[in-house]
Amino acid sequence: MLGWLNKKKQTPQGLIGLETGPEGIALAQVERDAEGRARLLRCLFKAAAPAEQAQVLKDWVQELQLQGASVNFLLHPASYQLLLLDCPDVPEDELRDAMRWRLKDLISQPIDSVVTDLVSLPADAYRGRSRMAYCAVLEKQQMEQAAQMLRQAGLRLQSIDITEMAFRNLGLQAGAAGINLALLRLRSSEGLISVQNGADLYMARRIEQGIERADGNYAAITLEVQRSLDYFESQLGKGYINRLLLLPMKRDGEQVMQALAGGLAVNLQRLTLEDLFGDDVPLLDEREQAYCLTAVGAALRQENS
């Protein structure tokens, strides 16, 4: 397996976050200075069918002179499963193998046809009950296809990540140190909410209700988000959520913001590239930022995370 949590040295070009999906391909490039401050060098999205995306990537690499750059490849949420499981009582160095064995009875694919990785929840999560971890499951074939696309484009695959960890990276950049910070993304058919404190991810939940199904009435979405916030505050024992950041949306952003602000008992704010990096960022409208922001989160990954 190509380590999802590799800690390899980055090239002088910084780190590229790349995400492919049904609607197109997004690329972001982040460089850090000697003090670790992040600067967004570029942020791109191109609408393209999956069969066209390899050529789009090759063209970008040639045009932007990105040959040999390191890539954190971000898996589209539809391409992997994420399961929250109890951890068996085994030593830390045996945990990954033990969790993989446990997954055999929980997934439909043969265990030899998938790669797995896990994100352990902090020790104080779930009020001292048994250890918990999020287990990600990906078809080997999909990982091999991603590696081949990057290799043919002249890029170097450094790591593979999931959307929940890209959210975590965005939260760190947005100021999650010492506070309970939640991020919310709403799309046409579904959404995702995550809660972290500093670099520790405490909760990641899919929102079943999407913008398309809501058809202008966001009461059900608001209720589902509030229930997730209540769950965090009541079940995990980490106190209240200090801020909830709404990620850019492909459409209906202002209407959704107003509906959520009126219905949620939380400090709700919108998140933009300018909030993350200041004014020195590529000029993108909200729709473009919606397509690019998780790739930015992938590019924000650091060697020790």
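Just so it is clear, the model here is predicted, and its values are computed rather than measured. (Residues numbered from 1 in each chain as written. Predicted model: local features only at pLDDT ≥ 70, side-chain atom pairs only at ≥ 80, totals over all residues. Heavy atoms only, no water.)

## Things to note about the packing of helix α4 (residues 163-174) against helix α9 (residues 286-299)
Piece 1. α9 packs onto α4 with a crossing angle of 75° between their chain directions and a minimal axis gap of 7 Å. Of the possible angle classes, the one that applies to α4 and α9 is roughly perpendicular. Mapping the contact onto sequence places T163, A166, F167, N169 and L170 in α4 and L293, T294, V296, G297 and A298 in α9.
Piece 2. Partitioning the contact of α4 with α9 into residue classes produces six nonpolar, four polar and no charged. (Axes fitted to C-alpha atoms, helices over the stretch in contact; angles between N-to-C directions. Helix = DSSP H or I, 4+ residues; strand = E, 2+ residues; numbered from the N terminus. Parallel < 35°, antiparallel > 145°, perpendicular 65-115°, else oblique. Contact = heavy atoms within 4.5 Å. Nonpolar A, V, L, I, M, F, W, Y, C, P; charged D, E, K, R; others polar.)

## Let's talk about the sheet that holds strand β7 (residues 132-139)
Piece 1. In space, the three strands of this open sheet follow the order β5-β7-β6, with antiparallel pairing throughout. Only two strands of the sheet have a single partner each, and these edge strands are β5 (80-86) and β6 (114-120). Within the sheet, the average angular offset between the axes of one strand and its neighbour, ignoring direction, is 25°.
Piece 2. Here seven bridges tie β5 to β7, and the two strands are oriented antiparallel to one another. (Pairing = 2+ DSSP bridges.)

## Brief notes about helix α7 (residues 253-263)
Piece 1. Within the span of α7, buried status applies to G253, V256, M257 and L260. The buried residues of α7 all sit within an arc of 100° when viewed along its axis, so they share a single face. Residues Q258 and G262 are exposed on α7 and point more than 90 degrees away from its buried face.
Piece 2. Among the structural elements, β9 (180-186), α5 (211-214), α6 (219-235), β12 (243-246), β13 (268-270) and α9 are those in contact with the buried residues of α7. (Buried < 20%, exposed > 50% of the residue type's maximum accessible area, 1.4 Å probe, protein only. Arc of directions from axis to C-beta.)

## Notes on α4
Piece 1. Over its twelve residues, α4 runs 16 Å from end to end, which matches the ideal 16 Å to within 8%, given 1.5 Å per residue.
Piece 2. α4 sits mainly inside the fold: ten of its twelve residues count as buried.
Piece 3. Those residues of α4 lying buried are T163, E164, M165, A166, F167, R168, N169, L170, G171 and A174.
Piece 4. The first or second residue beyond α4 is G175, which carries a positive phi of 105°. (Expected span 1.5 Å × (residues − 1).)

## Looking at the pairing of strand β8 (residues 156-161)
Piece 1. Along β8, five of the six residues are buried, which leaves the element largely enclosed by surrounding structure.
Piece 2. For strand β4 (residues 70-74) and β8, the ladder comprises five bridges, and the chain directions are parallel. Note on β8: the bridge partner recorded for S70 is R156.

## A word on the packing of aromatic side chains
Piece 1. Within the structure shown, the criterion is met by two aromatic pairs.
Piece 2. Both rings, one in F45 and one in Y291, keep their centres 4.0 Å apart while their planes meet at 10°; by these two values the pair is stacked. In this pair, F45 is assigned in strand β3 (residues 38-47) and Y291 in helix α9, connecting sequence segments 246 residues apart.
Piece 3. Relative to F232, the ring of Y202 lies with its centre 6.4 Å away and its plane at 85°, an arrangement referred to as edge-to-face. With Y202 in strand β11 (residues 200-207) and F232 in helix α6, this pair connects stretches of sequence that are 30 residues apart. Accessibility classification places Y202 together with F232 in one group, the buried group.
Piece 4. For R205, the ring lying beneath its charged end belongs to Y231, and the centroid distance is 4.1 Å. (Phe/Tyr/Trp six-rings, centres within 6.5 Å; stacked < 30°, edge-to-face > 60°. Lys NZ or Arg CZ within 6 Å of the ring centre and 35° of its normal.)

## Let's talk about the sheet that holds β13
Piece 1. One open sheet accounts for five strands, arranged β11-β10-β9-β12-β13; its pairing is mixed. Across the chains shown, the open sheet's two edge strands, defined by having one partner strand only, are β11 and β13. The average angle at which neighbouring strand axes cross in this sheet is 20°, direction not considered.
Piece 2. Where α4 meets the sheet, its contacts fall on β9, β10 (191-197), β11 and β12, and the angle it forms with β10 comes to roughly 50°.

## Things to note about the confidence of the model for the chain
Piece 1. A residue-level look at the chain finds 94% of positions with pLDDT of 70 or above and a mean pLDDT of 91.
Piece 2. For the chain, α5 is the element with the lowest average pLDDT, namely 85, and β12 is the one with the highest, namely 98.
Piece 3. Low pLDDT, under 50, characterises residues 5-12; the stretch is placed with 24 contacts to residues that sit more than four places away or in other chains. (pLDDT = per-residue confidence, 0-100.)

## Remarks on the pattern of salt bridges
Pairing of side chains with opposite charge becomes possible as their charged atoms draw close.
Piece 1. Counted by the stated rule, this structure contains twelve salt bridges.
Piece 2. R206 is paired through a salt bridge with E164; the nearest N and O atoms lie 3.6 Å apart. Of this pair, R206 sits in strand β11 while E164 sits in helix α4, and the two are 42 residues apart along the sequence.
Piece 3. Looking at E164, the relative accessible area reads 2%, which means it is buried. (Salt bridge = Lys/Arg side-chain N within 4 Å of Asp/Glu carboxyl O.)

## Some details on the pairing of strand β1 (residues 15-20)
Piece 1. Counting buried residues along β1, six of its six residues qualify, which places the element largely inside the surrounding structure.
Piece 2. Because side chains alternate across β1, one face comprises the buried residues L15, G17 and E19, and the other comprises I16, L18 and T20, equally buried.
Piece 3. Judged from the six bridges that link them, β1 and strand β2 (residues 24-32) form a sheet pairing that is antiparallel. In the strand pairing of β2, L18 is matched with L27.

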